[in-house]
Amino acid sequence: MLHPVPTLKETPSQTAGPYVHIGMTPNFCDIPGVYATDMGSTMINGEVEGERITLNIRLIDGAGVPLNDGLVEIWQADASGSFVSPTAPNSNSVPAFTGWGRQPANGDGVAAFETIKPGRVAGPDGKPMAPHVSLWIVARGINIGLQTRLYFEDEAEANEGDFVLNKIMDKRRRQTLIARKENAGRYHLDIHLQGEKETVFFDI
Amino acid sequence: MSGIILPGADGALYQRDRAWHPAADTPGYKSTTFRAPKHSLLALGPTKSEMSGPTFGHEKLGALDNDLIRNFSQDGSDAIGQRMIVYGQVLDENARPVPHTLVEYWQANAGGRYRHKKEGYLAALDPNFGGFGRSITDENGFYHFRTVKPGAYPWPNGGNDWRPAHIHFSVFGHAFAQRLITQMYFEGDPMIWQCPIVATINDKAAIDQLTARLDRQNTTPMDALAYRFDIVLRGRRSTMFENKLEGN
């Protein structure tokens with residue numbers, strides 16, 4: 001079979017700019033009354049299997065300054081390793097666990113998510129990948145959204161065999177994706193946009 | 001909000017043409033200086049995690065969510081400015097419509113002022129203009145909204161840099177790896193060619209792709225101009241599912 005060839009070019013990216021919060025988290029930036037809530041602010045809407053966790057994701061620039069104008073979205077599997085199943089368009093049922101979250105970076109550059117710890121998802125090699133959360137990061141000064149993942153410090157054994165982590169040739173840089181466990185149910189990951197500790201970003 | 005995994009969802013997307021997009025480090029746009037990653041990106045094959053993504057088909061959008069002229073009105077009157085309809089089709093690189101996907105947009109008011117506490121430009125706020133809205137594409141991938149034309153405005157970058165009139169867009173598609181943020185400009189605006197953010201894109205044809213076309217046919221007589229802005233998301237390489245799926 002012939003290789004398919006795209007017939008259209010992807011629309012080029014432009015920066016989200018300094019006011020991304022107006023469009024994507026208006027209630028957070030004090031423009032109430034248009035949307036009832038900011039989309040993605042709640043990921044859990046009922047009884048959900050799995051360990052409840054908080055992810056604090058801090059964005060830091062190459063000068064060591066936290067980004068207080070950034071925005072992070074996450075996408076993850078549920079505790080059983082499944083992504084939320086399709087829902088018919090225009091049906092009213094909100095899934096108990098959405099798998100998708102969106103949070104603005106606060107004054108300290110931290111985007112905080114209340115979610116559950118994801119289960120393991122099969123990787124391209126058929127083996128389960130380590131529990132992980134996919135990240136997408138935009139802000140002023142970022143010309144095209146940055147994609148990476150968050151892994152968990154307390155999953156050392158699973159991390160050892162993870163398909164994606166093992167693609168990072170420089171083992172020291174694997175650590176840039178692994179969130180530190182702070183205490184029960186709280187994880188912290190610093191995303192360094194550049195510098196000595198620059199996070200590994202993906203071309204997916 | 002829920003997720004969807006299309007059959008063939010493990011199939012790769014076409015590789016992103018990074019030369020078509022802006023590079024990370026673009027000195028003319030100074031904010032990139034400390035925010036551009038310096039390492040090469042790690043090429044990642046397709047995995048279920050990024051080839052799936054959230055869908056929003058069942059979100060209850062408000063009746064005015066796609067009406068920026070009215071959705072923040074405090075006293076019942078319309079926002080000030082040149083009235084217009086912006087519409088278009090979301091497609092993938094295979095030219096297939098992308099239905100039931102969320103499109104969000106935000107912009108300055110007619111004077112070039114954003115409703116944001118950090119915004120210091122002296123142009124006046126319009127008390128009846130919030131400056132944002134959202135749509136879900138229909139079964140053919142179309143979205144539309146009503147707004148006023150945003151003004152150009154100066155910004156601190158060079159000594160006297162101005163942004164051309166523009167509207168910010170955020171689009172999802174059906175895979176997290178399709179996620180896109182961009183900006184729409186207006187056909188014929190000479191300011192486009194003086195803008196350091198536009199100039200982060202190298203290819204003139206790519207800049208043209210961000211330029212909405214005046215559409216006289218869809219103008220509402222005695223009311224609003226119409227501009228058309230189509231958006232193309234990454235498409236899937238897989239051929240074996242091509243007869244079955246929307247946005248395959």
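Summary of the structure given here. (Residues numbered from 1 in each chain as written. Chains lettered and ligands numbered in written order. Predicted model: local features only at pLDDT ≥ 70, side-chain atom pairs only at ≥ 80, totals over all residues. Heavy atoms only, no water.)

On to the overall build of chain A, then. Across its full length, chain A carries three helices and nine strands. Reading chain A from its N end, one meets helices and strands in the order α-β-β-β-β-β-β-α-α-β-β-β. Taking the principal axes of its C-alpha atoms as reference, chain A extends roughly 50 × 50 × 45 Å. Taking all 204 residues of chain A together, 58% fall into the buried category. For chain A, long-range pairs separated by at least 24 residues make up 67% of all intrachain contacts whose partners lie at least 6 apart in sequence. Accessible area of chain A: about 8200 Å², with a carbon and sulfur share of 50%. (Helix = DSSP H or I, 4+ residues; strand = E, 2+ residues; numbered from the N terminus. Buried < 20%, exposed > 50% of the residue type's maximum accessible area, 1.4 Å probe, protein only. Contact = heavy atoms within 4.5 Å. Areas by Shrake-Rupley, 256 points an atom, 1.4 Å probe, with all protein chains shown as cover.)

So, on to the pattern of salt bridges. Charged atoms that come close allow side chains of opposite charge to pair. On inspection of all chains with the given rule, the structure shows 24 salt bridges over all chains. Put simply, B:Arg35 and A:Asp69 hold a salt bridge, and the shortest N to O gap is 3.0 Å. Remark: A:Asp69 occurs in the loop between strand E1 (52-60) and strand E2 (71-75) and B:Arg35 occurs in the loop between strand E1 (2-4) and strand E2 (42-43); the pair is interchain, linking two chains. Both residues of the pair, B:Arg35 and A:Asp69, belong to the buried class. Here A:Asp154 and A:Lys117 are joined by a salt bridge, their closest N and O atoms 3.1 Å apart. Linking A:Asp154 in the loop between strand E6 (146-152) and helix H2 (156-160) with A:Lys117 in the loop between strand E4 (110-116) and strand E5 (132-138), this pair joins segments that are 37 residues apart in sequence. For A:Asp154, a relative accessible area of 33% gives the class partly exposed. (Salt bridge = Lys/Arg side-chain N within 4 Å of Asp/Glu carboxyl O.)

Moving on, we get to the sheet that holds E1(A). Residues and elements named next belong to chain A. Across the sheet, eight strands lie side by side as E3-E2-E5-E6-E7-E8-E1-E4; this open sheet has mixed pairing. The outermost strands of the open sheet, each flanked by one partner alone, are strand E3 (100-104) and E4. Going across the sheet, the axis of each strand differs from the next one's by a mean of 30°, ignoring polarity. Of the pairings in the sheet, the one linking E5 to E6 comprises six bridges and is antiparallel in character. The residue of E6 that forms the bridge with histidine 132 is tyrosine 151. (Pairing = 2+ DSSP bridges. Axes fitted to C-alpha atoms, helices over the stretch in contact; angles between N-to-C directions.)

Below, the discussion takes up the pairing of strand E7 (residues 178-183) of chain A. All names here are of chain A. Both E6 and E7 contribute to a ladder of two bridges, which runs parallel. Pairing of tyrosine 151 across the sheet is with isoleucine 178, part of E7. Relative to strand E8 (residues 186-192), E7 runs antiparallel, the two sharing three bridges. Within the sheet, the bridge partner assigned to arginine 180 lies in E8 and is histidine 188. Taking the residues that link successive antiparallel strands as the turn, the E7-E8 hairpin has two residues, and the phi of glycine 185 there is positive, at about 80°.

Moving on to the interface of chain B and chain A. The accessible area lost on association of the parts is a frequent measure of interface size. Contacts between chain B and chain A engage 94 residues on the former and 85 residues on the latter. Taking both partners together, chain B and chain A bury about 8100 Å²; carbon and sulfur atoms supply 58% of that area. For the chain B face of the interface with chain A, the top three residues by lost area are B:Arg35, B:Leu42 and B:Phe132, together amounting to 11%. There are eight salt bridges connecting chain B and chain A. (Buried area = accessible area lost by both parts, 1.4 Å probe.)

Moving on: the nonpolar core. By size, the foremost hydrophobic cluster in this structure holds 83 residues, and its most contacted members are B:Tyr143, B:Ile167, B:Phe169 and B:Ile231. Sorting elements by how many residues they give to this core places strand E11 (residues 180-186) of chain B first, with five residues. (Core = buried A, V, L, I, M, F, W, Y, C linked by side-chain atoms within 4.5 Å.)

Glancing now at the pairing of E2(A). Residue and element names in this part refer to chain A. The element E2 is largely enclosed, with a buried count of five among its five residues. By the alternation rule, side chains of E2 split into Leu71, Glu73 and Trp75 and Val72 and Ile74, which are all buried. Pairing of E2 with E3, which is carried by five bridges, proceeds in the antiparallel orientation. Residue pairing across strands places leucine 71 opposite proline 104, the latter belonging to E3. Here E2 pairs with E5 via five bridges, running antiparallel. Among the inter-strand pairings, isoleucine 74 is bridged to a residue of E5, identified as leucine 135.

Bringing the side chain of A:Gln147 into the picture now. Checked against the element boundaries, A:Gln147 lands in strand E6. With relative accessibility at 4%, the residue A:Gln147 sits in the buried group. Non-local contacts of A:Gln147, meaning those with residues more than four positions away in its chain, are made with A:Leu135, A:Trp136, A:Phe201, A:Phe202, A:Ile204, B:Arg16, B:Arg18, B:Phe176 and B:Ala177.

So, about the environment of B:Gly188. All names here are of chain B. Note on placement: glycine 188 falls in the loop between E11 and helix H2 (204-208). Look at glycine 188 and you get exposed, because its relative accessible area is 70%. With 25 residues separating them in the primary sequence, glycine 188 and arginine 213 have C-alpha atoms 8.8 Å apart.

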